[in-house]
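Chain by chain, the residues:
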Amino acid sequence: MTAALLAWYDRHARIMPWRTGPADRAAGLRPDPYRVWLSEVMLQQTTVAAVRKYHERFTALWPTVADLAAAPDADVMAEWAGLGYYARARNLLKCARAVVAEHGGRFPDTHDALIALPGIGPYTAAAVAAIAFDRPETVVDGNVERVMSRLFDVKTPLPAAKPELTAHAARLTSHARPDDHAQAVMDLGATICTPKSPACGICPLRAPCLARQRGTEAQRPVKAAKKPKPERRGFAYVGRRADGAWLMETRPEKGLLGGMLGFPGSDWNEAPRPAPPAPAAWREVGEARHVFTHFALTLTVMVAELPPSNPERGHFVSASAFRPGALPTAMRKVHDAAAPHLAVEGSGATG
DNA sequence: GAACCGTGGCT
DNA sequence: TAGCCAAGGTT
């Protein structure tokens, strides 16, 4: 079964910036562990299409783990904006600094040493050990779970089925080509054994696949029922000074959008109280709607021209330093709703 | 084990 | 369109 999978991978492996190409591999070149690690962290719960440009941007700005470790926190958070799960960016920096401080700037090459680092869990430790260092570790991500649940027609619902699926995956792990095997199972899951309408007809594992034999592939994997998303509301305050500076707030390290730049606002709940960050003639200009993983949010967008005096909350960011692209998406939507109503004398419409 | 933590693309 | 989904980790 492993041979058929590897043969398929040799012909159909997806080309990605952090992978070594056939020529490199023929020359015995290994991929850069820093680039592999960066890609794996970015790919956590995130599509390849979304990761490509972020990975390119990060490696251009910070070519080595030492470069990243030396970067200011705010720069890294701003570059991560839009990718989501911002704890990943905070842990990315912690991990880079730990690799420099504790490992001499070189990534450790074992699963156990990798999993001890911030932001590296069971999946990422196995993936880096296998892909960067060719160790026979078993990677179990959503793709592998789906492939195994079909291959062995597992009826146990996820996430309870995880140990069972992991055991199946471990038995299939190739000790001859661990690096290729890890990526082959995931590529198969991403391109052939897809969540909907799997391409069983061209699957290299169609012969041994139990779900295929029984016609149950569309019902695998079985997943536990999802919980309904609560609705929350809040107020967001977009204030500008006469010189065009924006009143912003760096959010606390922990919790939702932790460490990211945003607009001051109220609590988010069923019936939020207004909470203006500075005395001013605030006026309502619209709403910003954003759906997070576990709740849906509607923000009432308030705007005002602010006096030069210090605000009660937050700090001013100059017009030239302000970039909507450095905001998490919910805050970027607030900005987009507010901006047309905040014409500032002489600030123009550029940037 | 379960809650928390984003986002954009696809159907 | 409204859900579903993606190379998960931390608490």
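Residues numbered from 1 in each chain as written. Chains lettered and ligands numbered in written order. Predicted model: local features only at pLDDT ≥ 70, side-chain atom pairs only at ≥ 80, totals over all residues. Heavy atoms only, no water.

- Under an unreviewed UniProt entry, chain A has the name Adenine DNA glycosylase and belongs to Limimaricola hongkongensis DSM 17492.
- The UniProt entry for chain A carries this comment under Catalytic activity (unreviewed entry): "Hydrolyzes free adenine bases from 7,8-dihydro-8-oxoguanine:adenine mismatched double-stranded DNA, leaving an apurinic site."
- For chain A, the Sequence similarities (unreviewed entry) comment in UniProt is given as "Belongs to the Nth/MutY family." (UniProt positions renumbered as here; feature names shortened; annotations may be inferred.)

Let's talk about helix α10 (residues 142-151)
Okay, step 1: Of all the 10 residues making up α10, nine are buried; the element is thus mostly covered by neighbouring parts of the structure.
Okay, step 2: Along α10, the residues that are buried comprise N143, V144, E145, R146, V147, M148, S149, R150 and L151.
Okay, step 3: Once α10 finishes, D153 follows within two positions and takes phi at roughly 45°, a positive value. (Buried < 20%, exposed > 50% of the residue type's maximum accessible area, 1.4 Å probe, protein only. Helix = DSSP H or I, 4+ residues; strand = E, 2+ residues; numbered from the N terminus.)

A short note on the pattern of salt bridges
Charged atoms that come close allow side chains of opposite charge to pair.
Okay, step 1: The tally for this structure, following the rule as stated, stands at 19 salt bridges.
Okay, step 2: With a closest N to O distance of 3.7 Å, K162 and E145 form a salt bridge. Of this pair, K162 sits in helix α11 (residues 162-172) while E145 sits in helix α10, placing them 17 residues apart in sequence.
Okay, step 3: Judged by its relative accessible area of 35%, K162 is partly exposed.
Okay, step 4: Here R233 makes a salt bridge to E287, at a shortest N to O gap of 2.9 Å. One end of the pair, R233, is in strand β1 (residues 231-241); the other, E287, is in strand β4 (residues 283-291), with 54 residues separating them in the sequence.
Okay, step 5: Judged by its relative accessible area of 32%, R233 falls in the partly exposed class.
Okay, step 6: Sharing partners across several salt bridges, the network here consists of D153, K155, R214 and R220. (Salt bridge = Lys/Arg side-chain N within 4 Å of Asp/Glu carboxyl O.)

Thoughts on the protein's contact with DNA strand C
Okay, step 1: In the vicinity of DNA strand C there are 27 residues, among which Q45, G119, D141, N143 and R146 approach most closely.
Okay, step 2: A breakdown of the atoms of DNA strand C within 4 Å of the protein gives sugar and phosphate a share of 66%.
Okay, step 3: One nitrogen or oxygen atom from the side chain of D141 is found 2.5 Å from a sugar or linking oxygen belonging to DNA strand C.
Okay, step 4: Listing elements by their share of the surface near DNA strand C, those giving two or more residues are α9 (122-133), α10 and α12 (178-191).
Okay, step 5: Counted by class, the surface near DNA strand C contains 11 nonpolar, nine polar and seven charged residues. (Near = heavy atom within 4 Å. Polar contact = N/O pair within 3.5 Å; in protein donor to acceptor, adjacent residues only side chain to side chain. Nonpolar A, V, L, I, M, F, W, Y, C, P; charged D, E, K, R; others polar.)

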